[in-house]
Amino acid sequence: MKITLGGISKPHSSKTMKTGDWGTEYPVVDEEKCTACKTCEYLCPDACIVVVEKEDEKKVAVPDYEYCKGCGVCFSVCPVDAIKMELKDIYKLEVC
Amino acid sequence: MEKVVRGFYSIAHSVKLCKPNVIAAYPITPQTEIVENLAEMYANGELGDCEYVTAESEFGAASILVGASAAGARTFTATCSQGLILMSEVLINAAGMRLPIVLVNTNRALSAPLSIWNDHQDSMVLRDGGLMQIHVETNQEAHDMVPVAFKVAEDHKVMLPFMINMDGYKLTHAYEPIDLLEQEMVDTFLPPYNPPVYMTTKDPLTFGSYAPPQYYAEFRVALQNAMERARKVLEKAYKEWAEITGRDWGGHIVAEGVEDADLVAISMGSLTGMVRDVISELRNQGKKVGLLKIRTFRPFPAKEVRGALKDAEKILVFERAVSFGHGGPVGMEVKSACFGLTPEFYSFAVGLGGRDVPREEIVRIISDVYYGKVDQGFHFGTVKPFEEVIV
Amino acid sequence: MNYFGPGHGACPGCGLTIATRNVLEALEGKCFVANSTGCLEIVSSQYERSAWGVPYIHSLFENAGAVAAGIDLALKALKRKGEGKVVVFAGDGATADIGIGTLSGMFDRNHDVIYICLDNEAYQNTGNQQSGLTPLGSNTTTTPVGELFPGKMGRKKDMVSIAVAHGIPYVATASVAFHADLRRKVKKAAEIEGAKYIQIHSPCVTGWGIDGKQTILSAKLAYETALYPIVEYENGELTRVRKIKERKPVEEYLKIQRRFRHLFKHPKGKEIISMLQKIADENAAKFNLDV
């Protein structure tokens, strides 16, 4: 094992910590409604929703589920209501 | 070039020749004149590529040096006493972060009661902090040890803060003829600082990470290992310095006449001169006494100390501090170094808070021990008999 | 464009990390960060799990101002000033309480440093203890609601005035609710030589007792009620304020947060709410916030 001088860490080494399984919900982007305004991108606490250009040249916000903690900030700030939060399947309780 | 200067200047001049990049300090007696001298040099443009600032506290000064050192600068400060213990959180942090900050501590007593005068209680508080510590006997030695401190602290095998202890007043305020170093000589000995790693946007590393239990212990072992490596690096630097300047201050310890001595007296710092004087007079009288001066206090030269004391029947430590609830801190180190040996052991705390230590006191303590007139263990030197009352 | 995260350990919906990302974005990553101990440090700087994409240092709780000053001095001495700006990220406790000495020293010497106070209004890393920037009436673990006391007694410390009084060239407040304004202020600060102070209101989901979906909403309500004025000072002069179109009563802000919920049933709650309204009114008058 190697340890660094005084505990120096490499940049962005937190990427090994996949936080995508933290939340109970996840955001779903309605690509039709999304105007690629980047509000969600600027306000995501976890830097995991980014506006990207799709194959058809349309720009839309795409969440990164590997890291998304399901906080709902993007949902709450979307000016055109293009994001909705859905419950992860494992948290759906079936009442018998 | 020999010149009569005060202890303060002997440090400041040497610091200048070491070409520091950042000096941050805060005034405190009896250190102030060191940084005043440096401030004057800065004001006159004599410090080259160096920034000098007076911080808002010693805590701030040390913290400024943490940032500067991490960014790749050669750094210096001076302090003592309350200032040193105010810095202690930062200095201990700097040791863990492996930042080679160099500081001079002009040893002074701790409050309360407030005392501006000399003893070693301040530096003893930092004993376990991960700083290298040496004690000097004279202003010439103080002058000479500044480049040594930078060289050893910045050695890539070490990378630890270095504290030079010099006795406040006894040395700082004393005028002595000092053979002032020349730039060329210092340049030969001390290369420019070449940090093994530093903060830069070219390689945006994270300094000062916190370590969860699965890592923390390894970092502390690494710090201990660095201290262990520092023994050799420091010893080598002492030797190299002696070769370059012709002034040999010795290694981690200086043992004088210990080979045939029944009694060995131990001292650190400026008191050593007087102890040496008494010891040498007693030897002239045919008494088997010797002197052990401890120069390096951290890493503690246990092997060397044990070697020097292996044949001693009586060990006597002149302490300049007290570990309240136990005894003298140097004595404790010496005892642990001598574990398994069976000499009689005596330890006397003298000169606390600048109390004058007359030659007669040293003579009396040594002869009391020599002739078996005192019990073994820890004692205070001359104190007036008193009774503690509430008011 | 990403200089912070992902993979950090902040709570879902954390306001601090939103603020941090936008500050770094505004500086285009050309900066040196000094971070005090606290939430942001703990969630982002674990060994081998750093979220930072810029050079970063954490030393202690109360010395980020001085550490940043040291970096500034080193860059100056080593002639590397062009490499980037020096930025502090410190929490409200690190800024207004334990670190105010090193902050004041840094201001006083006017180091070329942008000091960002991430204000989540309590020591949130250790579980919501009151700081000097905790507002009146807030229920914290060290100002708990009891029969005698309805949460914190005493006002939020006026750090903005303290910063202005140091005579530094730029002081501003900002909020994660207005991210473009936040970035504009950071960019502006970066162009000014000397010490800069920007205090960013950054909601804390756990300490305030809100849901991640209310992070931005609560920050916005703090502004809309005038409890958190968004202002800008240049060279000691108030140069810009964010005007409020229809100022809302403070209850609107208080009622959505668990830390203020007791104010609506505690015998002294009404009195505290009216005191908070008075503070909001004073802010509105002082900064001429109402349109």
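Calculation criteria
Every chain begins its residue count from 1, and numbering advances along the sequence as written. Both sets of labels track the order of writing: A upward for chains, 1 upward for ligands. It should be noted that, the model being predicted, local features are given only for residues of pLDDT at least 70 and side-chain atom pairs only at 80 or more, the latter also being counted only at that level, while totals for whole chains, interfaces and linings use all residues. The basis for the side-chain values is all heavy atoms of the structure; hydrogens and waters are excluded. Secondary structure is summarised from DSSP: a helix means a run of H or I of at least four residues, a strand means a run of E of at least two, and numbering begins at the N terminus for each. Under the scheme applied here, a residue whose accessible area is under 20% of the maximum for its type counts as buried, over 50% as exposed, and between as partly exposed, the area being computed with a 1.4 Å probe on protein chains only. It only takes one pair of heavy atoms within 4.5 Å for two residues to be counted as in contact. Here's the idea: put two parts together, see how much 1.4 Å probe accessible area each one loses, and the total over both is what we call buried area. One side-chain nitrogen of Lys or Arg within 4 Å of one carboxyl oxygen of Asp or Glu is enough to make a salt bridge. In the analysis that follows, any N or O atom pair within 3.5 Å is treated as a polar contact, provided that within protein one partner can donate a hydrogen and the other can accept it, and provided that, for residues neighboring in sequence, both atoms belong to side chains. Classification used: nonpolar for Ala, Val, Leu, Ile, Met, Phe, Trp, Tyr, Cys and Pro, charged for Asp, Glu, Lys and Arg, polar for all others including Gly. Whether two strands pair depends on DSSP finding at least two bridges between them. Any helix carries an expected span of 1.5 Å times its number of residues minus one. Given a residue, its bend is the angle between the two axes fitted to the seven residues that end at it and to the seven that start from it.

Asker: Help me out: how do you make sense of the overall build of chain A in this one?
Answerer: In terms of regular secondary structure, chain A is built from two helices and four strands. Secondary structure elements in chain A, listed N-terminal to C-terminal, are β-α-β-β-α-β. In terms of principal-axis extent, the alpha carbons of chain A reach across some 50 × 45 × 25 Å. By residue count, 44% of the 96 residues in chain A fall in the buried class. Of the contacts made within chain A by residues no fewer than 6 positions apart, 67% connect residues no fewer than 24 positions apart.

Asker: What is the right way to read the interface of chain C and chain B from this model?
Answerer: Buried accessible area, meaning the area lost when the parts come together, often serves as the stated size of an interface. Chain C puts 39 residues into the contact, and the matching count from chain B is 41 residues. Summed over both partners, the interface of chain C with chain B comes to about 3,100 Å²; 62% of that surface belongs to carbon and sulfur atoms. By the criterion of area lost to chain B, the three top residues of chain C are C:Tyr47, C:Leu73 and C:Arg109, representing 18% of everything that side buries. At the junction of chain C and chain B, the tally comes to three salt bridges. In this structure, the connection of chain C to chain B is made through 17 residue pairs in polar contact (both at pLDDT 80 or more). Going through the elements one at a time, strand 1 (31-35), helix 2 (39-44), strand 2 (45-46), strand 4 (56-58), helix 3 (64-77) and helix 5 (100-108) of chain C are the ones with two or more residues in the side of chain C that touches chain B. A total of nine residues in the side of chain C that touches chain B trace back to one element, the largest contributor, which is helix 3 of chain C. Considering only residue class, the side of chain C that touches chain B consists of 19 nonpolar, 12 polar and eight charged.

Asker: Is there a simple way to explain the pairing of strand 12 (residues 289-294) of chain B in this structure?
Answerer: Put simply, side chains in a regular strand alternate between the two faces of the sheet. All names here are of chain B. Burial runs high along strand 12: six of the six residues are buried. Of the two faces of strand 12, the one lined by Val289, Leu291 and Lys293 and the one lined by Gly290, Leu292 and Ile294 are each fully buried. Here strand 10 (residues 253-256) pairs with strand 12 via four bridges, running antiparallel. Following the sheet pairing, Glu256 is matched in strand 12 by Leu291. In this sheet, strand 12 lies alongside strand 11 (residues 263-267) in parallel orientation, the contact comprising five bridges. Considered in strand 12, the bridge of Ile266 is made with Leu292.

Asker: It is not clear to me how helix 8 (residues 213-245) of chain B should be interpreted in this structure. Could you clarify?
Answerer: Residues three or four positions apart in an α-helix share a direction because the helix packs 3.6 residues into each turn. All names here are of chain B. The end-to-end C-alpha separation of helix 8 is 47 Å, in line with the 48 Å expected for 33 residues at 1.5 Å each. At Ala230, helix 8 shows its strongest bend, of approximately 30°. At the C-terminal side of helix 8, Gly246 shows a positive phi close to 80°.

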